[in-house]
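The primary structure of each chain is shown beneath.
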There are 2 protein chains.
Amino acid sequence: MATNQQIVLAALPQGRLTADAFQLLESPMPAPGAGEVLTRTRLLSIDAANRAWMQGATYRGALGAGQVMDGFTLAEVVKSNDPGFAPGDIVEADNGWQQFAVHPAGRLTRVTVRGELSHHLSVLGVTGLTAYFGLLDIGRPEPGETVLVSAAAGATGNVVGQIAKLHGCRVVGVASSADKCAFLTEQLGFDAAVPHRDENFRGLLKAATPDGVDVYFDNVGGDVLGAALWRMNQHGRIVCCGVVSQYDTSDPAPGPRGVPGLLVTKRLRMEGFIVMDHFGPDGAARAKAEETLAGWVAAGQLRVVEDGVDGLERAPAALIDLLAGGNLGKRFVRVT
Amino acid sequence: MATNQQIVLAALPQGRLTADAFQLLESPMPAPGAGEVLTRTRLLSIDAANRAWMQGATYRGALGAGQVMDGFTLAEVVKSNDPGFAPGDIVEADNGWQQFAVHPAGRLTRVTVRGELSHHLSVLGVTGLTAYFGLLDIGRPEPGETVLVSAAAGATGNVVGQIAKLHGCRVVGVASSADKCAFLTEQLGFDAAVPHRDENFRGLLKAATPDGVDVYFDNVGGDVLGAALWRMNQHGRIVCCGVVSQYDTSDPAPGPRGVPGLLVTKRLRMEGFIVMDHFGPDGAARAKAEETLAGWVAAGQLRVVEDGVDGLERAPAALIDLLAGGNLGKRFVRVT
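The residue numbers shown here count from 1 along each chain, following its written sequence. Lettering of chains starts at A and numbering of ligands starts at 1, both following the order in which they are written. In keeping with the predicted nature of the model, local features appear solely for residues at pLDDT of at least 70, side-chain atom pairs appear and are counted solely at 80 or more, and the whole-chain, interface and lining totals rest on all residues. Only hydrogens and water are set aside when side-chain values are computed; all heavy atoms of the structure are taken into account.

Here we come to the overall build of chain A. Secondary structure elements follow DSSP: runs of H or I no shorter than four residues count as helices, runs of E no shorter than two count as strands, and numbering proceeds from the N terminus. A tally of helices and strands in chain A yields nine helices and 15 strands. Relative to the compact-globule value of 20 Å for 336 residues, chain A shows a C-alpha radius of gyration of 20 Å, a close match. Taking the principal axes of the C-alpha coordinates as reference, chain A spans close to 65 × 45 × 35 Å. The rule is simple: take the accessible area with a 1.4 Å probe, protein chains only, and divide by the maximum for that residue type; under 20% is buried, over 50% is exposed, in between is partly exposed. Each of the 336 residues in chain A was classed as buried or not, and the buried ones make up 57%. Residue-level accessible areas treat just the shown protein chains as cover; the underlying method is Shrake-Rupley with a 1.4 Å probe. Carbon and sulfur atoms make up 50% of the accessible area of chain A, which amounts to about 13,200 Å² in all. For this count, His and the chain ends are skipped, Lys and Arg are scored as positive, and Asp and Glu as negative. A charged residue contributes its charge at one atom only: NZ of Lys, CZ of Arg, CG of Asp or CD of Glu. Chain A carries 29 positive and 35 negative side-chain charges, and their two centres are separated by 4 Å. Atoms counted for the radius of gyration: C-alpha only. Globule rule: 2.2 Å times residue count to the power 0.38.

Structure (structure tokens):
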């Protein structure tokens, strides 16, 4: 009898996440009921936000100990009790960290695959769409402006920087290591990149942004946000996308100095967003954005940066390493 | 020979502002040169921002020790060497803390007085306009939404709350004392008011905002902002107007916990502004706003709350007391 390999969050982490928070199980294969669909996980998205879910309720419910670890996936329909889906269909599904999952049909979104399946997790998926809508709808950069992006070699950040370049902006990235910075400037066309672990980070950032910063796309919060606030130009915009610096802890730091004082004196707008809010009625805005992104990729104007690993059992290490800044581009696990 | 009474900022304060930071002088009467205008200070505005100017550059240059204390005033033209102004004209002028000042004509803005002169410092002046544009342009409340305002018994806050009521919102104020809270609910029509010095402030705030907060008009920053962030509804807006809690110190506190995390998960917009940016071409938007505010006052829909004291020599005490929360409504000094 077929089984379902699962990774359970055995205990909520105290402090930094470690591998012993997870446990690999073999469970019975689930069976779809009426109106339900059985799916097989193909690609499991590994995101810094996975760690934030362990801290409490966010834009989704908090994770609890003992449950299968949550995760966004691209999955393939194995068996369908709903006329809308057939075996072989590729769907977006919250399968979590397991090989198989059953969902009511209404919880699945069909994917029309263009080229590589993984692109639907990276540049054409939530990651790329987050970069696209966050930068353009919230940041609203004008050609010639300076766009700063943190976690710039990460899944979202690298796409933000590349789109900003396509919009005629000067683009500066912040990344964890000198190697990543070199990748950004040499391979992705960033105008400058600054390693945030350098002890002279603020000085390097200042030198890299001689005309100040008009749009800061913030994936990390914390000290990098604190430094960026001082570099913002009047009427600047800060796109609040994530807070990676504060996820892997049970004791998040206070907010940066200068909030809200610098917002007043510089007339700054700081705005958070969740990408799904920008998909438009019937997903029309999403479809248009995906079309635009796919066009840039096809024309060689937007490079797809992916960082896949093989095997569900490697998911814990993939997440822990990502939280330490180990990934380059979109990280995911090839499950089956 | 006539003299000019002046109050000089003798030394920049270390820690909290005290009276010995100031010194009263008698100086020679200034004389206007070509194209200049001599004005006599009528009303001197006392604002929490006066203290912020001692901390460094803001939207204006930093104050230095030894200079006449800066301050916004309504003044009367005494002698004019410019055809655009005549003795008796009332003007907005940065006279600072002194009886007389000379300005190039281009630095003065004529005021067409409606009724009480002091209204042009309070409800029809920068204070009222700050409330008007900040609430309506930045906060954009809808009828039925909950508007929270801090320093609600202060110059700007009381007008914010009253305008929000006129827009059909539920209005909750935060003020320093129980007396002020009673004034807000009993005299100004606020739906609720919460004293922020109460040790159960967060609990009281929660009880006063059962449907959460859609727009928070923040005059204080610090702990009150920190508490408000947790009460914000999804897609809420925080109008960053001032940071009174962090002005009277040489060592401002870190920003509130939850920045930027709560901005992301709740899709919040947090935006600073300076009222002058909203006056429109040729001041058309300002004129329209003043007309609207004057109409509400004339109709008895907007109560003017003022807190004037007599004599330039009382300006230091008036500012120190205001920083401790001693004022009710717009504080100013009647100089002459």
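Our next topic: the interface of chain A and chain B. Quite often, the size of an interface is put as the accessible area lost when its parts meet. By definition, residues are in contact when any of their heavy atoms lie within 4.5 Å. Listed as interface residues are 32 residues of chain A and, on the opposing side, 32 residues of chain B. Buried area adds together the accessible area that both of two parts lose upon being put together, with accessible area traced by a 1.4 Å probe. In total, chain A and chain B occlude about 2,500 Å² of area from one another, counting both sides; carbon and sulfur atoms represent 65% of this. When a carboxyl oxygen of Asp or Glu lies within 4 Å of a side-chain nitrogen of Lys or Arg, that pair is called a salt bridge. Linking chain A to chain B there are two salt bridges. For R267 of chain A, the salt bridge is made with D277 of chain B, and the minimal N-O distance between the two is 2.7 Å. Think of a polar contact as two N or O atoms within 3.5 Å of one another; within protein, one of them needs to be a possible hydrogen donor and the other a possible acceptor, and neighboring residues in sequence only count if both atoms come from side chains. Taken together, chain A and chain B are joined by ten residue pairs in polar contact (both at pLDDT 80 or more). When residues are sorted by character, Ala, Val, Leu, Ile, Met, Phe, Trp, Tyr, Cys and Pro go into the nonpolar class, Asp, Glu, Lys and Arg into the charged class, and all the rest, Gly among them, into the polar class. Taken together, the residues of the side of chain A that touches chain B break down into 17 nonpolar, eight polar and seven charged.

This paragraph deals with the pairing of strand β4 (residues 73–80) of chain B. All names here are of chain B. When DSSP locates at least two bridges between a pair of strands, those strands are taken to pair. Both strand β3 (residues 36–45) and β4 contribute to a ladder of seven bridges, which runs antiparallel. Directly across from L38, in β4, lies its bridge partner K79. Pairing analysis gives four bridges linking β4 to strand β5 (residues 90–93), with the strands arranged antiparallel. Counterpart to E76 in the pairing with β5 is I90.

The next thing to look at is empty space enclosed by the protein. Residue and element names in this part refer to chain B. Within this scheme a cavity is a closed region of a 1 Å grid, computed over the protein atoms alone, that accommodates a 1.4 Å probe without allowing it to escape, whereas a pocket is open but has protein on both sides within 12 Å along at least five of seven lines; lining residues each have an atom within 4 Å of a point. Grid points are joined across faces, edges and corners, and a volume is the space filled by probe spheres set on the points. Across all of its chains, the model carries two cavities of 30 Å³ or more by this definition. Considering only enclosed or pocket space, the largest cavity measures out at about 50 Å³ in volume. If you go around the largest cavity, the residues you meet are S122, V123, A155, N158, V159, L302, R303, V304, V305 and K330. A per-class count over the lining of the largest cavity returns six nonpolar, two polar and two charged. Considered as a void within the structure, the second largest cavity measures approximately 30 Å³ in volume. Broken down by class, the residue content of the lining of the second largest cavity amounts to five nonpolar, two polar and two charged.

Each copy is superposed on the other by least squares, with the fit set by C-alpha atoms of residues at a pLDDT of at least 70 in both. Of the transformation superimposing chain A on chain B, the axial component is 0.0 Å and the angular component is 180 degrees, with the fit at an RMSD of 0.0 Å. Between the two chains, the operation in question is that of a two-fold axis. Closest approach to the rotation axis among the C-alpha atoms of chain A is made by G255 of chain A, whose C-alpha sits 2.1 Å away. By residue overlap, the copies meet face to face through one surface: 100% of the interface positions of chain A are interface positions in chain B.

Glancing now at the environment of T39 of chain B. All names here are of chain B. With respect to the helices and strands, the residue T39 is situated in strand β3. Take T39: its relative accessible area is 0%, and that puts it in the buried class. With 53 residues separating them along the chain, T39 and E92 place their C-alpha atoms 10 Å apart. Excluding residues within four positions of it along the chain, T39 makes contact with A75, E76, V77, V78, V91, N95, Q99, F100, A101, H103 and L108. In terms of polar contacts, T39 uses its side chain to reach the side chain of N95, at 2.9 Å.

Bringing the packing of helix α2 (residues 126–139) of chain A against helix α3 (residues 157–166) of chain A into the picture now. To describe two helices that pack against each other, one gives the angle between their axes and the distance between the axes. Residues and elements named next belong to chain A. Interaxial angles span 0 to 180 degrees and are taken between N-to-C directions of axes, which are lines fitted to C-alpha atoms, for helices over the stretch in contact. Two numbers describe how α2 lies on α3: the axes approach to 8 Å, and their chain directions differ by 50 degrees. As the angle between them shows, α2 and α3 are arranged oblique. Note that α2 runs across α3; the crossing there is right-handed. When α2 is examined against α3, the residues G128, A131, Y132, L135 and L136 are found in contact with a partner set consisting of V159, V160, I163 and A164. When its residues are assigned to classes, the contact of α2 with α3 shows eight nonpolar, one polar and no charged. Just so you know how the angles are binned, under 35 degrees is roughly parallel, over 145 roughly antiparallel, 65 to 115 roughly perpendicular, and the rest oblique. The hand of a helix crossing depends on one turn: near helix anticlockwise from the far one by less than a right angle means left-handed, and clockwise means right-handed.

Below, the discussion takes up unusual backbone geometry. With omega at 10 degrees, the peptide bond leading from V259 of chain A into P260 of chain A counts as cis. Residue position: P260 of chain A is located in the loop between β12 (232–240) and α7 (261–265). One non-glycine residue, R267 of chain B, adopts positive backbone phi at about 55 degrees.

The subject of this paragraph is the state of the cysteines. Disulfides are defined as cysteine sulfur pairs within 2.5 Å. This model, assessed by the stated rule, comprises zero disulfides over all chains. Considering cysteine sulfurs only, C241 of chain A is the nearest to C240 of chain A, which forms no disulfide, with 9.1 Å between them.

A few words now on the sheet that holds strand β9 (residues 170–175) of chain A. Across a sheet, paired strands are connected by hydrogen bonds in the backbone, their directions being either parallel or antiparallel. Reading across the sheet, the twelve strands line up as β10(A)-β9(A)-β8(A)-β11(A)-β12(A)-β13(A)-β13(B)-β12(B)-β11(B)-β8(B)-β9(B)-β10(B) and stay open at both edges, with mixed pairing between neighbours. Sheet topology places β10 (192–195) of chain A together with β10 (192–195) of chain B at the edges, where each strand pairs with a single neighbour. Each adjacent strand pair in this sheet contributes to an overall mean axis angle of 15 degrees, direction not counted. Contacts from α3 of chain A reach β8 (146–149), β9 and β11 (213–218) of chain A, with the element oriented near 170 degrees to β8 of chain A. Running at roughly 150 degrees to β12 of chain A, helix α6 (residues 222–231) of chain A makes contact with β8, β9, β11, β12 and β13 (269–272) of chain A of the sheet.

Time to look at the environment of G128 of chain B. Residue and element names in this part refer to chain B. Secondary-structure assignment places G128 in helix α2 (residues 126–139). The exposure class assigned to G128 is buried, which follows from its relative accessible area of 0%. In this structure, G128 is in contact with S122, V123, V159 and L293, ignoring residues within four places of it in sequence.

In total, this model carries 32 salt bridges over all chains according to the counting rule given. For the salt bridge of D248 of chain B with R51 of chain B, the shortest nitrogen-to-oxygen distance reads 2.9 Å. Residue D248 of chain B is found in the loop between β12 (232–240) and α7 (261–265), and its partner R51 of chain B is found in helix α1 (residues 49–52); the two are separated by 197 residues along the sequence. Each of the salt bridges in this network shares a partner with another, and the network as a whole consists of R16, R51 and D248 of chain A.

It is worth spelling out helix α8 (residues 284–298) of chain A at this point. All names here are of chain A. Compared with the 21 Å implied by 1.5 Å per residue over 15 residues, the 21 Å span of α8 between its first and last C-alpha is a close match. By the burial criterion, the buried members of α8 are R286, A289, E290, L293, A294 and W296. Angular distribution of buried residues about the axis of α8 spans 160 degrees; they occupy a single face of the element. Exposed residues lying more than 90 degrees from the buried face of α8 are K288 and A298. In this fold, the buried residues of α8 make contact with β5 (90–93), α2 and α3. Every helix has an expected span of 1.5 Å times one less than the residues it contains. To obtain the arc, one takes the directions from the helix axis to the C-beta atoms.

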